[in-house]
Amino acid sequence: IAQFASPGRTIVAEHLPDTGPVNFQSDTRAALEAAGFDAKGWDWPLHQSLYEQIRTSSLPLVGGNLPRDKAREIFMQGVTGLPERLSQTYANSRLGATAQKNLDHDLVEGHCGKLPDRYLSRMRFAQRVTDIAMTHVVLDHHPAVLVAGNGHVRKDYGVPQILSAVAPSLKVISVGFLERSSDSRELINSESGKYDFLWLTDRAARKDPCEEFNLK
């Protein structure tokens with residue numbers, strides 16, 4: 001972010017709805033919450049150092065996600081409920097069989113291997129619409145950095161895949177963040193092709209999120 005900072009550039013964040021730029025006149029958390037940030041849902045202060053750096057950069061910060069009410073309406077209605085721009089991009093960026101299989105696998109694994117089959121198509125649709133929404137914000141503000149989870153920035157089924165389909169002339173660089181393992185080389189090989197660059201970090205101490213996971 002520090003290297004990217006210069007006039008005319010923007011930060012787009014998955015953690016915020018697309019409702020306009022963040023006004024950093026108050027403290028960082030308050031400013032984010034005023035822009036629609038869910039501090040509890042995103043486990044604040046997990047991302048505090050990230051947003052402090054963005055604030056220091058003086059780069060404009062905008063949300064990339066659909067506003068909650070709009071997202072709920074779309075997800076309830078399905079493809080027929082997509083607004084024109086979302087519908088057009090959805091149709092023009094369909095996943096190939098391998099990419100969809102990879103996405104389905106990761107959606108199941110992301111829910112601790114307990115995602116019922118009846119939910120899979122809806123979860124896939126939600127993921128795709130979310131990625132398309134973020135793609136549109138990136139296109140409307142480029143050059144931009146999109147701050148989002150690894151699944152959203154994968155080259156085979158994330159925002160980069162959509163950008164390559166609808167704006168192939170744009171230069172896109174994807175960076176995945178992974179925790180180091182006992183065999184970093186094996187880890188890097190297993191992630192080959194998913195990102196342009198891998199950024200390996202120290203492992204974070206945390207409770208296993210799958211210990212109490214239950215989805216009926």
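Here goes a summary of the coordinates provided. Given the structure is predicted, the values throughout are model-derived calculations rather than measurements.

What counts and how
Residues numbered from 1 in each chain as written. Predicted model: local features only at pLDDT ≥ 70, side-chain atom pairs only at ≥ 80, totals over all residues. Heavy atoms only, no water. Helix = DSSP H or I, 4+ residues; strand = E, 2+ residues; numbered from the N terminus. Rg over C-alpha atoms; globule rule 2.2 N^0.38 Å. Buried < 20%, exposed > 50% of the residue type's maximum accessible area, 1.4 Å probe, protein only. Contact = heavy atoms within 4.5 Å. Lys, Arg positive; Asp, Glu negative; His and termini not counted. Charge placed at Lys NZ, Arg CZ, Asp CG, Glu CD. Pairing = 2+ DSSP bridges. Right-handed = clockwise from strand over helix to strand, strands pointing away. Axes fitted to C-alpha atoms, helices over the stretch in contact; angles between N-to-C directions. Parallel < 35°, antiparallel > 145°, perpendicular 65-115°, else oblique. Expected span 1.5 Å × (residues − 1). Arc of directions from axis to C-beta.

### What about the overall build of the protein chain?
Next up, step 1: Within the protein chain, the secondary structure is distributed over eight helices and five strands.
Next up, step 2: Order of helices (α) and strands (β) in the protein chain, N terminus to C terminus: β-α-α-β-α-α-α-α-β-α-β-α-β.
Next up, step 3: For 216 residues, the compact-globule estimate of 2.2 N^0.38 gives 17 Å, and the C-alpha radius of gyration of the protein chain, at 18 Å, lies within 12% of that figure.
Next up, step 4: Within the span of the protein chain, comprising 216 residues, buried residues form 39% of the whole.
Next up, step 5: Once local pairs closer than 6 in sequence are excluded, the contacts in the protein chain between residues at least 24 apart make up 65%.
Next up, step 6: Within the protein chain, one finds 25 positive and 26 negative side-chain charges whose respective centroids are separated by 2 Å.

### Overview of the pairing of strand β5 (residues 197-201)
Next up, step 1: By the bridge criterion, five bridges tie strand β4 (residues 175-179) to β5 in an arrangement that is parallel. The residue of β5 that forms the bridge with V175 is F197.
Next up, step 2: As a crossover connection, the stretch from β4 through helix α8 (residues 184-190) into β5 is right-handed.

### Things to note about the packing of helix α5 (residues 97-110) against helix α6 (residues 117-141)
Next up, step 1: Between α5 and α6, the least distance of the axes is 10 Å, while the angle of their chain directions is 105°. It follows that α5 is roughly perpendicular to α6 by the angle criterion. Taking contact as the criterion, the partners of Q100, L103, D104, L107 and V108 in α5 are, on α6, L120, M123, R124, Q127 and R128.

### Some thoughts on α5
Next up, step 1: Here α5 spans 20 Å end to end across 14 residues, near enough to the 20 Å set by a 1.5 Å rise per residue.
Next up, step 2: All of the buried residues along α5 are A99, L103, D104 and L107. Down the axis of α5, the smallest arc covering the buried residues is 135°, so these residues share one side. In α5, those exposed residues whose orientation departs by more than 90 degrees from the buried face are A97, T98 and K101.
Next up, step 3: Packed against the buried residues of α5 are α6.
Next up, step 4: Two residues or fewer after α5 comes C112, characterised by a positive phi angle close to 60°.

### Thoughts on the sheet that holds strand β1 (residues 10-17)
Next up, step 1: Strand order in the open sheet made by the three strands is β2-β1-β3, with parallel pairing throughout. Where the open sheet ends on each side, the last strands, each with one partner, are β2 (61-65) and β3 (144-147). Here the average twist between neighbouring strands, direction ignored, is 35°.
Next up, step 2: Pairing of β1 with β2, which is carried by four bridges, proceeds in the parallel orientation. Bridge assignment links P17 to a residue of β2, and that residue is N65.
Next up, step 3: Strands in contact with helix α2 (residues 48-57) are β1, β2 and β3; relative to β1, the strand with the most contacts, it is inclined by about 145°.
Next up, step 4: On top of the sheet, α6 reaches β1, β2 and β3; it is set at about 150° to β2, its chief contact.

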